[in-house]
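Listed here are the chains, written in short residue letters.
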Amino acid sequence: MKRCTETISRLARMAFWPALIFALVMAVLPKPPELPTDNLGDKFHHMLAFFTLTVLAGAGWPRFSMLRLALWLSLVGAGIELAQAIPALHRMADWRDWVADTGAILAGLLPVAVLRHLNRRSGSA
């Protein structure tokens, strides 16, 4: 089980960085490409991105405290909103997007907590 946990952790770390870069690029592109999920709204994209980032970071760095993880990712969300306030980007900053990000982070902590609990129970953490 320990080797499986280490493999999952390594894969999650490898997936986290491209996911973060994708989220950041999409957030600052003046006219992001259309996505099949556009009809679900901007908040859905924020929540999907930050839920995914939370699960990947939580699995990738299992010794990182969940509070610290949530704070760092929430700061990333706030930073995105600050960047979107730059007029040259032609984007709209919205504090509600940051709230959606933070809510998704908190929701993403649930599967992270379950995964960490299962790892501790198996003695591989």
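One structure accompanies this document, and this report is about it.

Cut-offs used in this document
- Residues numbered from 1 in each chain as written.
- Predicted model: local features only at pLDDT ≥ 70, side-chain atom pairs only at ≥ 80, totals over all residues.
- Heavy atoms only, no water.
- Helix = DSSP H or I, 4+ residues; strand = E, 2+ residues; numbered from the N terminus.
- Buried < 20%, exposed > 50% of the residue type's maximum accessible area, 1.4 Å probe, protein only.
- 1 Å grid on protein atoms, 1.4 Å probe; cavity = no way out; pocket = protein on both sides within 12 Å on 5 of 7 lines; lining within 4 Å.
- Points joined across faces, edges and corners; volume = space filled by probe spheres on them.
- Nonpolar A, V, L, I, M, F, W, Y, C, P; charged D, E, K, R; others polar.
- Salt bridge = Lys/Arg side-chain N within 4 Å of Asp/Glu carboxyl O.
- Phe/Tyr/Trp six-rings, centres within 6.5 Å; stacked < 30°, edge-to-face > 60°.
- Polar contact = N/O pair within 3.5 Å; in protein donor to acceptor, adjacent residues only side chain to side chain.
- Contact = heavy atoms within 4.5 Å.

## A few points about the overall build of the chain
The secondary structure content of the chain amounts to four helices and zero strands. The secondary structure elements of the chain, listed N-terminal to C-terminal, are α-α-α-α. If you line up the chain on its principal axes, its C-alpha atoms span 50 × 25 × 25 Å. Burial status across the chain gives 31% buried among its 125 residues.

## Some points on the layout of surface pockets
A volume near 610 Å³ is recorded for the largest pocket. Lining the largest pocket are 24 residues; nearest its centre among them are M26, L35, D42, H45 and H46. The set of elements that each furnish at least two residues to the lining of the largest pocket consists of α1 (2-28), α2 (42-60) and α3 (66-84). Element by element, the count of residues in the lining of the largest pocket is highest for α2, at eight residues. Grouping the amino acids of the lining of the largest pocket by side-chain chemistry returns 14 nonpolar, six polar and four charged.

## Some thoughts on the pattern of salt bridges
Tallying each qualifying case throughout the model produces four salt bridges. In this structure, the salt-bridge partner of D94 is K43, at a minimum N-O distance of 3.4 Å. Of this pair, D94 sits in the loop between α3 and α4 (95-122) while K43 sits in helix α2; the two residues are 51 residues apart in sequence, bridging distant segments of the chain. Assessed through its relative accessible area of 16%, D94 is described here as buried. K43 gets classed as partly exposed once you look at its relative accessible area, which sits at 29%. Here D94 and R96 are joined by a salt bridge, their closest N and O atoms 3.1 Å apart. Accessibility expressed as a relative area gives 47% for R96, which makes it partly exposed. Salt bridges linked by common partners bring D42, K43, D94, R96 and D97 together as one network.

## Considering the packing of aromatic side chains
Here the structure, examined in full by the defined rule, presents three aromatic pairs. Judged by centre distance (5.4 Å) and plane angle (85 degrees), the rings of F16 and W61 are edge-to-face. Taken together, the residues span a long stretch of sequence, with F16 in helix α1 and W61 in the loop between α2 and α3 at a distance of 45 residues. The exposure class assigned to F16 is buried, which follows from its relative accessible area of 6%. Look at W17 and W61: their rings are 5.9 Å apart centre to centre, the planes differ by 80 degrees, and that puts the pair in the edge-to-face class. In this pair, W17 sits in helix α1 while W61 sits in the loop between α2 and α3, placing the two residues 44 residues apart along the sequence. Chaining the aromatic ring pairs together yields one cluster made of F16, W17 and W61.

## Considering the side chain of D97
The residue D97 is located in helix α4 in this model. Residue D97 is classed as buried on the basis of its relative accessible area of 2%. Within polar-contact distance, the side chain of D97 engages the side chain of H46 at 3.4 Å. Not counting residues up to four positions away in its chain, the partners in contact with D97 are D42, K43, H46, E81 and Q84.

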